[in-house]
Amino acid sequence: MNNVIGVIMYNYKDIENKQKDKWNRLRLYDTPERPDRKYYLMEMYAYPSGDIHIGHFRNYTLGDVLWRYLKMNGYDLLHPFGWDAFGLPAEEAAIKRGESPSAWTMKNIKRSRETLQRLGISYDWEREVITCQPDYYKWTQWIFLQLYKKGLAYKDRSYVNWCANCNTVLANEQVHDGKCWRCESEVEKRELEQWYFRITEYAERLLNDIEKLENWPEAIKNIQKNWIGRSEGAMVNFRLDDLGLDLPIFTTRLDTIFGVTFMAIAPEHKLIPEILKISPHAEQIREYVRKALMKPETERTSDEREKDGVFTGLYAINPFDGSRIQIWVADYVLAAYGTGMVMAVPAHDQRDFEFAKKYNIPINVVIDSPDRAINNDCLNEAYTEYGIMINSGEFSGLSSEKGMKTLVEHARKNGFGEASVVYRLRDWLISRQRYWGAPIPVIYCDSCGVVPVPEKELPVLLPDDSKVDFLPKGRSPLEEVPEFVNVPCPLCGKPARRDVDTMDTYVCSSWYHLRYLNPKDDDFAFSSEEAKKWLPVDFYIGGAEHATSHLLYFRFITKVLKDLGYLEVDEPVRGLFNHGMVLDGHGEKMSKSRGNVVSPVRLIEEIGIDAARISILFFAPPGREILWNEEGTKGATRFLKRIYTLIENIEPNQNEVIIDEDGYAALNEEDKELFKLTHRLIKRVDRDIHEMQFNTAIAALMEALNDIDPEHLKVSSVKNFVVKAFLRLLNPFAPYLAEYFGEKWFSEETILHAEWPSFNEKYTRFKDVTIALQINGKLRGTIDMVSDSTQEEAVALAREVENINRYLEQGEIKKIIWVPNKLLNFVVR
């Protein structure tokens, strides 16, 4: 499409095609073999459940802006891309359309790749990874085996999160407010045997090493801290004589141990079947458990809901005083947290207080307030503060703080407790009852037990989906493929069976940053030498919604591989940036399922790639959500037309002039101002790119364009400096137009080989500004200064004002208030 600008035809399509051909010919996006100044830049790879939409376009354009900026600053870049091709998103989309997951996925990858290449995003496509291809998931399976050998992969039977709509298990991190992360259906509990990764073994390191993540958003770091959830306290063994068992319970308030009157067990706890065998209330318990497991965890633990439970008729023994403690089953306790059992102290915990009042359970005060006496008769609510221990035998009179230390030592000496640390973090559940995932490389033999597939036999290939009924049925579709299931045992050769579950797609994404290092290597997952060159990732762009899933899992896997000797780093990423989402005009999240996505392909057909980039970048800061409005693209188009009109009509000076201090002094006033305007522009754009404020960087370019007199620029002695600086500053945002004019204004093969412009601070200041001088808030004089002067410079100049100096000598300066470029106020006594 031709845009008429005055009498000039601006054919952006011709420009785009020409520059793209040149960039491909020059292989600009190739990764250097021997980086001198390395920079590993990544954006989160894509789910190929359709074509690239405007949200993807925004995310990947952010990375491209940085790539071009860093390239011109002399960095050697690794900027790869790939496809998170396994898992629910791709499989659900394929089922909805009646296609096989593999055909649907590969078709979308081809289409999306063509879109990204058409957009000219600076990816090294030689580094592309596709997680559903055997050459990738072979190494996902290899990573599973490394964790298995290290004792970090295990199988266990427990209650798990189950999405009935998706017919599969979900990890804790995939349940959001009691609903499935993918389809938003209510999540229920089912008891299944599943594979787990023992991420809890790394809880302390994952928590402590958050301090290493200096360039991560504080919000993400805090989310991970809270998710890991470290608590210090004591583990105490209560005795259940009826079963001959110790019941370990963690508490952070051991000072209240003498006030325990009941304990509560989670309905899904492994002890429940044993309790049912001996409880006089077995039927009531069985019915209560059935109903409890139908409730989402958010409902069970809500502070707004009245707590309930059922008495087992059994008692545990408090090891500190031998008292008998009622044992209840209560759904506000979750098996996944702590030991799945809690001791209840109604006098000193409000939840326990309300439960005890409801069921007429004794309430014993054991902590007294330093300010007022606490007793059972006048207790209307729990006293939850620290205080002085009372009714606690030999420990009465101790403060809560001292009492906890004394009691834990007493428990340790007597063998029924010890100091303990527990974490909210649970082990990572990786089994999925779906077809479209990496098969778990394990074989079950009646003679040999659980047998890991030998590494030389990897990959365990996923059966051709033409042979599989992959529609979800609540059990793995692979169970129905005999040629997949039935295999000889690798150890004894007898008939055996493969594991029929597939791995959580987050296992694939937990290490993809490593496969980018050498994606075509058939002999190893990644090269240790390449890892030394490029790791850690310097900057990673993606969504904050992955804070407790992918962003935690890939930290864990990196640490495991470091411990195994495969890596020298134990954190995968130095810097993390969370981009905002693109919402439709009604504030709804864009998604293919809602049918409200905007295609960047249509957009670039209508206005061109540069205008689409400027539009998406100018709407809001990259970290903020934006409401998509196509009216907003008109300003970007006008901006580019004006640039084209301005520069197309100017011819470079044949003799390049280097403007030093003497050269600057010889400039006329108009050229001086134009020269300083350009230095200020360079400073501002450079700063804004550093701070990921691309919208204000573009605003600065627009303002500068408004301030440039086209007729003067044609004859200006500084036009080469001005135009060449402007084009280099424009390049990260509108690379096609910048490259087009770069052929005329630069000797380099590409503007990307031209050095990023630098500025001189002395030329970034505006004309003199008038500073109001105040004494105790009253105007007493003024001074004229160069803009952006410092407070120290302003104070020194103010002292030369006779009226001001007189006040200062007569009193003592208590405070100085400095408003740059406006006001200096001395608070004098």
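Shown above is the structure to which this text applies.
Residues numbered from 1 in each chain as written. Predicted model: local features only at pLDDT ≥ 70, side-chain atom pairs only at ≥ 80, totals over all residues. Heavy atoms only, no water.

Asker: Account for the overall build of the protein chain, with residues named and values stated.
Answerer: Scanning the protein chain for helices and strands turns up 28 helices and 35 strands. When the backbone C-alpha atoms are referred to their principal axes, the protein chain occupies close to 100 × 85 × 50 Å. In the protein chain, which comprises 829 residues, the proportion classed as buried is 56%. For the protein chain, contacts bridging at least 24 residues in sequence account for 72% of all contacts bridging at least 6. Measuring between centres, the 106 positive side-chain charges of the protein chain sit 1 Å from its 126 negative side-chain charges. (Helix = DSSP H or I, 4+ residues; strand = E, 2+ residues; numbered from the N terminus. Buried < 20%, exposed > 50% of the residue type's maximum accessible area, 1.4 Å probe, protein only. Contact = heavy atoms within 4.5 Å. Lys, Arg positive; Asp, Glu negative; His and termini not counted. Charge placed at Lys NZ, Arg CZ, Asp CG, Glu CD.)

Asker: Run through helix 12 (residues 400-414), naming residues and quoting values.
Answerer: The end-to-end C-alpha distance of helix 12, which contains 15 residues, comes to 21 Å, matching closely the 21 Å that a straight helix rising 1.5 Å per residue would cover. Buried residues of helix 12: Ser400, Gly403, Met404, Leu407, Val408 and Ala411, and no others. Relative to the axis of helix 12, the buried residues are bounded by an arc of 125 degrees and lie together on one face. In helix 12, the exposed positions that point more than 90 degrees away from the buried face belong to Lys402, Lys405 and Lys413. Each element contacted by the buried residues of helix 12 is listed here: strand 12 (230-240), strand 18 (367-368), strand 19 (388-389) and strand 20 (417-423). Two residues or fewer after helix 12 comes Gly415, characterised by a positive phi angle close to 75 degrees. (Expected span 1.5 Å × (residues − 1). Arc of directions from axis to C-beta.)

Asker: Can you break down the pairing of strand 11 (residues 187-197) residue by residue, with the values?
Answerer: By the bridge criterion, 11 bridges tie strand 7 (residues 153-163) to strand 11 in an arrangement that is antiparallel. Each residue of the ladder has a partner; that of Tyr159, found in strand 11, is Glu191. Examined bridge by bridge, strand 11 and strand 21 (residues 428-429) share 2 bridges and lie antiparallel to one another. Residue pairing for strand 21: Phe197 is matched across the bridge by Trp428. (Pairing = 2+ DSSP bridges.)

Asker: Please set out the nonpolar core residue by residue, giving values where relevant.
Answerer: Counting residues in hydrophobic clusters, the biggest one holds 186 residues, and the most contacted among them are Leu116, Phe144, Trp428, Tyr540, Phe556, Val685 and Phe733. In terms of residues, this core owes the most to one element, helix 2 (residues 54-72), which gives 10 residues. In this structure, Val236, Val260, Ala356 and Phe395 belong to the second largest nonpolar core, which totals 61 residues. (Core = buried A, V, L, I, M, F, W, Y, C linked by side-chain atoms within 4.5 Å.)

Asker: Quick one: what's the story with the sheet that holds strand 28 (residues 537-542), residue by residue and with numbers?
Answerer: Strand order across the open sheet formed by 4 strands is 4-3-28-29, with parallel pairing between neighbours. Both outer strands of the open sheet, strand 4 (76-78) and strand 29 (573-578), are each paired with one neighbouring strand and no more. Within the sheet, the average angular offset between the axes of one strand and its neighbour, ignoring direction, is 25 degrees. Where strand 3 (residues 38-43) lies against strand 4, 3 bridges are found, and the strand directions are parallel. Counted as the bridge partner of Tyr39 is Leu77 from strand 4. (Axes fitted to C-alpha atoms, helices over the stretch in contact; angles between N-to-C directions.)

Asker: Go over the packing of aromatic side chains with me, naming the residues and quoting the values.
Answerer: Summed over all chains, the structure comprises 52 aromatic pairs. The interplanar angle of 40 degrees and the centroid separation of 5.8 Å between the aromatic rings of Tyr664 and Phe675 together place this pair among those described as tilted. Taken together, the residues span a long stretch of sequence, with Tyr664 in helix 21 (residues 661-665) and Phe675 in helix 22 (residues 669-690) at a distance of 11 residues. Chaining the aromatic ring pairs together yields one cluster made of Phe144, Tyr148, Trp195, Phe197, Tyr202, Trp428, Tyr506, Tyr553 and Phe556. (Phe/Tyr/Trp six-rings, centres within 6.5 Å; stacked < 30°, edge-to-face > 60°.)

Asker: Can you lay out unusual backbone geometry for me, pointing to particular residues and giving the numbers?
Answerer: Following Leu458, the chain continues to Pro459 via a peptide bond in cis, the omega torsion being 5 degrees. Going from Leu535 to Pro536, the amide bond is cis rather than trans, its omega being 0 degrees. With phi around 50 degrees, Arg27 is a residue other than glycine that occupies positive phi space. Following the sequence through the fold, Arg27 ends up in the loop between helix 1 (12-26) and strand 3. Even without being a glycine, Met692 presents a positive backbone phi close to 55 degrees. Following the sequence through the fold, Met692 ends up in the loop between helix 22 and helix 23 (694-707).

Asker: Describe the packing of helix 19 (residues 609-618) against helix 20 (residues 633-648), and please don't skip the residues or the numbers.
Answerer: Where helix 19 contacts helix 20, the axes come no closer than 8 Å and their chain directions differ by 125 degrees. When the axes of helix 19 and helix 20 are compared, the pair comes out oblique. Between helix 19 and helix 20 the crossing geometry is right-handed. Counted together, Asp610, Ala611, Ile614 and Ser615 of helix 19 and Thr633, Ala636, Thr637, Phe639 and Leu640 of helix 20 form the full contact between these two elements. (Parallel < 35°, antiparallel > 145°, perpendicular 65-115°, else oblique. Left-handed = near helix turned anticlockwise from the far one by under 90°.)

Asker: Give a description of the sheet that holds strand 11 that names residues and reports values.
Answerer: Spatially, 4 strands are ordered 8-7-11-21 in an open sheet, and the strand pairing comes out antiparallel. Edge positions in the sheet fall to strand 8 (168-170) and strand 21, since each of these pairs with one other strand and no more. In this structure, strand 7 lies alongside strand 8, joined through 3 bridges in antiparallel fashion. Bridge assignment links Cys163 to a residue of strand 8, and that residue is Thr168.

Asker: So what's going on with empty space enclosed by the protein? Residues and values would help.
Answerer: A complete count under the given rule lists 5 cavities of 30 Å³ or more for this structure. One number sums up the size of the largest cavity: a volume of about 130 Å³. Going through the elements one at a time, helix 3 (88-96) and strand 27 (502-503) are the ones with two or more residues in the lining of the largest cavity. Looking at the lining of the largest cavity residue by residue, the class counts come to 5 nonpolar, 6 polar and 4 charged. (1 Å grid on protein atoms, 1.4 Å probe; cavity = no way out; pocket = protein on both sides within 12 Å on 5 of 7 lines; lining within 4 Å. Points joined across faces, edges and corners; volume = space filled by probe spheres on them. Nonpolar A, V, L, I, M, F, W, Y, C, P; charged D, E, K, R; others polar.)

Asker: Which residues make up the side chain of Thr339, and what values do they have?
Answerer: Within the secondary structure, Thr339 sits in the loop between strand 16 (324-330) and strand 17 (341-344). Within polar-contact distance, the side chain of Thr339 engages the backbone oxygen of Pro248 at 2.8 Å. (Polar contact = N/O pair within 3.5 Å; in protein donor to acceptor, adjacent residues only side chain to side chain.)

Asker: I'd love a proper account of the environment of Trp125, names of residues and values included.
Answerer: For Trp125, the position within the fold is in the loop between helix 4 (101-119) and strand 6 (129-130). Trp125 sits 94 residues away from Thr31 along the chain, and the two C-alpha atoms are 9.8 Å apart. Contacts of Trp125, omitting those with residues within four sequence positions, involve Phe81, Trp83, Arg113, Leu116 and Gln117.

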